[in-house]
Amino acid sequence: MEFFQGRTETETREQMKARFAELEGEHEIISMKREKIGRNAPCPCGSGVKFKKCCIDKVRL
């Protein structure tokens, strides 16, 4: 019962809803596009070797 601090469950729930609504506007949603690397393109690690012979295994899961 310490969580409610003398308030009813409904009062606490309403207070939490209000706080969540308040916080919702504070965050930005950032979307990032991933650029596809061609197999025959130079490796982005800077080795000078084709991507398929260098780091392709590090990218695949």
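Since we're looking at a predicted model, the values are computed, not measured.

Focus: the side chain of threonine 12
Tracing the chain through its elements places threonine 12 in helix α1 (residues 9-24). A polar contact is formed between the side chain of threonine 12 and the backbone oxygen of threonine 8, at a distance of 3.0 Å.

Considerations on the pattern of salt bridges
By the definition in use, this model includes two salt bridges. Arginine 13 is the salt-bridge partner of glutamate 9, the closest N and O atoms lying 2.8 Å from each other. Here arginine 13 and glutamate 9 lie together in helix α1, a separation of four residues that amounts to about one turn. Owing to a relative accessible area of 47%, glutamate 9 belongs among the partly exposed residues under this scheme. Of the charged contacts, one joins glutamate 14 and lysine 17 as a salt bridge, the two residues approaching to 4.0 Å between their closest N and O atoms. Of this pair, glutamate 14 and lysine 17 both sit in helix α1, separated by three residues, roughly a single helical turn. Using a relative accessible area of 44% as the deciding quantity, one classes glutamate 14 as partly exposed.

Regarding a positive patch on the surface
A cluster of like positive charges, contributed by Arg39, Lys50, Lys52 and Lys53, occupies part of the molecular surface. By the element assignment, lysine 53 lies in the loop between α1 and α2 (56-59). Using a relative accessible area of 65% as the deciding quantity, one classes lysine 53 as exposed.

Overview of the environment of proline 44
Position of proline 44 among the secondary structure elements: in the loop between α1 and α2. Note on proline 44: relative accessible area 58%, which makes it exposed. Distance from proline 44 to cysteine 55, taken between C-alpha atoms, is 8.5 Å for residues 11 residues apart in sequence. Leaving out residues up to four positions away in the same chain, proline 44 has contacts with Ile37 and Phe51.

A word on the environment of cysteine 45
Looking at the secondary structure, you find cysteine 45 in the loop between α1 and α2. With 10 residues separating them along the chain, cysteine 45 and cysteine 55 place their C-alpha atoms 7.8 Å apart. The contact partners of cysteine 45, leaving out residues within four places of it in the chain, are Cys54 and Cys55.

Procedures and definitions
- Position numbers for residues count from 1 along each chain, tracking the sequence in the order it is written.
- The predicted origin of the model limits local features to residues at a pLDDT of at least 70 and limits the giving and counting of side-chain atom pairs to 80 or more, whereas totals for whole chains, interfaces and linings rest on all residues.
- In computing side-chain properties, one takes all heavy atoms of the structure into account and sets aside hydrogens as well as water.
- Note on conventions: DSSP H or I runs of at least 4 residues are helices, E runs of at least 2 residues are strands, and numbering of each starts at the N terminus.
- By the criterion applied in these results, polar contacts are pairs of N or O atoms within 3.5 Å in which, for protein atoms, one can donate a hydrogen and the other can accept it, and in which residues neighboring in sequence qualify only through two side-chain atoms.
- Each reported salt bridge corresponds to a side-chain nitrogen of Lys or Arg within 4 Å of a carboxyl oxygen of Asp or Glu.
- The cut-offs for exposure are 20% and 50% of the maximum accessible area for each residue type, with area from a 1.4 Å probe on protein chains only; residues under the lower value are buried, those over the upper are exposed, and the others partly exposed.
- Like charges within 9 Å and nonpolar side chains (Val, Leu, Ile, Met, Phe, Trp, Tyr) within 5 Å are joined into patches, using only residues over 30% in relative accessible area that form no salt bridge.
- Here the Shrake-Rupley method, with its probe set to 1.4 Å, supplies the accessible areas, and only the displayed protein chains count as covering residues.
- Counting rule for charge: Lys and Arg are taken as positive, Asp and Glu as negative, and neither His nor the chain ends is counted.
- All charge positions are set by atom: Lys at NZ, Arg at CZ, Asp at CG, Glu at CD.
- Any two residues whose heavy atoms approach within 4.5 Å are treated as being in contact.

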